[in-house]
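Fold and geometry: a report
Here's the letter readout for the chains.
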Amino acid sequence: MDTEVNIKNGDSVDFLRSELINFQDIARYLKPSPGETPEVPGVEIYGEVMPFNGIVGGDHIIYVDFKKRYDLDRRIQVAQEQDLPEIVKNLQLSKRRAGVLVADAAGHNITDALLCAMLHQAFLTGVQYELLHHGEVTSELFEILNTRFFNSSSITKFITLLYGEIWDNGDFRFVNAGHPPPVVFSNKYDRVIKICNKQIMNFPPIGTLPSGEDRDSRRYFSRLGFKKRYSINSLNLMGWGDILFLYTDGFSEHSDGCGTFYFPNRLEEILKRIKNAPAKDIYQKIKEDFLSLGKPS
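Residues numbered from 1 in each chain as written. Predicted model: local features only at pLDDT ≥ 70, side-chain atom pairs only at ≥ 80, totals over all residues. Heavy atoms only, no water.

1. Some thoughts on helix α9 (residues 279-292)
Between its terminal C-alpha atoms α9 stretches 20 Å, which fits the 20 Å expected from 14 residues at 1.5 Å a residue. Among all positions of α9, only Ala 279, Ile 282, Tyr 283, Ile 286, Asp 289 and Phe 290 are buried. Buried residues of α9, seen end-on, are gathered within an arc of 135° and therefore sit on one face of the element. For α9, the elements touching its buried residues are β9 (243-245), α7 (249-252) and α8 (262-274). (Helix = DSSP H or I, 4+ residues; strand = E, 2+ residues; numbered from the N terminus. Expected span 1.5 Å × (residues − 1). Buried < 20%, exposed > 50% of the residue type's maximum accessible area, 1.4 Å probe, protein only. Arc of directions from axis to C-beta. Contact = heavy atoms within 4.5 Å.)

Dropping the structure here:
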């Protein structure tokens, strides 16, 4: 069946406007709602997306509260009935952790949200299969996502991604694909502690290089070669009141236009003043201060 769309000159602007509004509505519903914020004993979590154009864009957050999204008890029962002890163990551990995915599609246009929408659905579909076969999210999911995006997007339209899981004991384990590394504000030492790049295994953005260990790698042609298999990084927030900070490059590159950057010095100064506030209040104060940089006083 062929599909044909005829647009009269006088109607073209209205048609395109309605299509953009429709796309914005779809993309807007992919943003996390307040009820999706994960709950982990002893840990407060909060975050939002601030699109460059004020509506939707290339930045994205996905929360994975395993206890809220999935019936872990039912999944454990089924795995026990099927005599799958490793899956039972991993599902039980999922009650102690929650996942956060932060992604940044190249570009600031409304249509760059399309890549994030693709990632959103593919990732959450993959998590379902991961829990079914492993009882947890493994790095293999990101190998599959990387291959899918390599085969379906151009080299100029890539996604940086960081997926991490925070545990009730303060551990943070994550996979990093070309994304800015996390930073930790130490409550004890009252300063931002950057994570040394040598301590982190960082990989190319999603979709830019196929994995050399992919079973189908002989089917792919890559001018830039192949990437190594993803590995998992681990941090531990040892001190009470420490703050783990995840962000995109739009945050780290923000300046007043005269060479003064918000990150990390100004961020550190405001965190010194508000570090004992709830996570949501900390976010709101940082947001207000961040947006004020560069504005006329």
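There is more to say after this.
2. What to know about the sheet that holds strand β6 (residues 191-194)
Here three strands make up an open sheet; going across it, the order is β6-β5-β9 and the pairing antiparallel. Each edge of the sheet is formed by a strand with only one pairing partner; in this case those strands are β6 and β9. The average angle at which neighbouring strand axes cross in this sheet is 30°, direction not considered. The pairing of strand β5 (residues 183-186) with β9 spans three bridges and is classified as antiparallel. Residue Val 184 lies in a different strand from β9, and its bridge partner there is Leu 244. (Pairing = 2+ DSSP bridges. Axes fitted to C-alpha atoms, helices over the stretch in contact; angles between N-to-C directions.)

3. Some remarks on the packing of aromatic side chains
The tally for this structure, following the rule as stated, stands at 15 aromatic pairs. Both rings, one in Tyr 247 and one in Phe 251, keep their centres 6.2 Å apart while their planes meet at 50°; by these two values the pair is tilted. On the basis of relative accessible area, Phe 251 is assigned to the buried category, the value being 10%. An aromatic cluster is present here, built from Phe 245, Tyr 247, Phe 251, Tyr 262, Phe 263 and Phe 290 joined pairwise through their rings. Of note, Arg 173 hangs over the ring of Trp 167, and the distance from its end group to the ring centre comes to 4.6 Å. Over the ring of Tyr 230 we find Lys 227; its NZ or CZ atom is 3.5 Å from the centre of that ring. (Phe/Tyr/Trp six-rings, centres within 6.5 Å; stacked < 30°, edge-to-face > 60°. Lys NZ or Arg CZ within 6 Å of the ring centre and 35° of its normal.)

4. Details of the pattern of salt bridges
For the structure shown, the criterion picks out 15 salt bridges. The shortest N-O distance in the salt bridge between Lys 227 and Glu 143 comes to 2.9 Å. Here Lys 227 is found in the loop between β7 (202-203) and β8 (233-236), whereas its partner Glu 143 is found in helix α6 (residues 140-152), with 84 residues between them in sequence. The class of Lys 227 is buried, set by a relative accessible area of 6%. Within this structure, Arg 97, Glu 136 and Glu 165 form a network of salt bridges that share partners. (Salt bridge = Lys/Arg side-chain N within 4 Å of Asp/Glu carboxyl O.)

5. Some details on the packing of helix α3 (residues 72-81) against helix α4 (residues 85-93)
Taken N-terminus to C-terminus, the directions of α3 and α4 make an angle of 165°; their axes are 8 Å apart at the nearest point. If you check the angle between α3 and α4, you find them roughly antiparallel. α3 and α4 meet at a crossing whose hand is left-handed. Contacts between α3 and α4 pair Leu 72, Arg 75, Ile 76, Ala 79 and Gln 80 from the former with Ile 87, Val 88, Leu 91 and Gln 92 from the latter. For the contact of α3 with α4, a count of residues per class yields six nonpolar, two polar and one charged. (Parallel < 35°, antiparallel > 145°, perpendicular 65-115°, else oblique. Left-handed = near helix turned anticlockwise from the far one by under 90°. Nonpolar A, V, L, I, M, F, W, Y, C, P; charged D, E, K, R; others polar.)

6. Regarding the nonpolar core
The biggest cluster of nonpolar side chains holds 33 residues, and the ones touching the most others in it are Leu 101, Phe 123, Phe 142 and Tyr 163. Elements supplying a minimum of two residues to this core: β1 (59-64), α3, α4, β2 (97-105), α5 (113-133), α6, β3 (159-167) and β4 (171-177). Apart from residues lying up to four places away in sequence, Phe 142 is in contact with Leu 101, Phe 123, Val 137, Leu 161, Tyr 163, Val 175, Ile 206 and Tyr 230. Membership of the second largest hydrophobic core comes to 17 residues, among which are Tyr 247, Tyr 262, Ile 270 and Leu 293. (Core = buried A, V, L, I, M, F, W, Y, C linked by side-chain atoms within 4.5 Å.)

7. Points about α8
If you look at α8, its biggest bend is around 25°, right at Glu 268. Contacts from the buried residues of α8 go to β5, β6, β9, α7 and α9. (Bend = angle between axes of the 7 residues up to and from the residue.)

8. Let's talk about the pairing of β2
By the criterion of burial, β2 is predominantly enclosed, with nine of the nine residues buried. Alternating positions in β2 separate into two faces, Arg 97, Gly 99, Leu 101, Ala 103 and Ala 105 on one and Ala 98, Val 100, Val 102 and Asp 104 on the other, with burial throughout. Taken together, the six bridges between β1 and β2 define a ladder with antiparallel strand orientation. The residue bridging His 60 from the neighbouring strand is Ala 103, located in β2.

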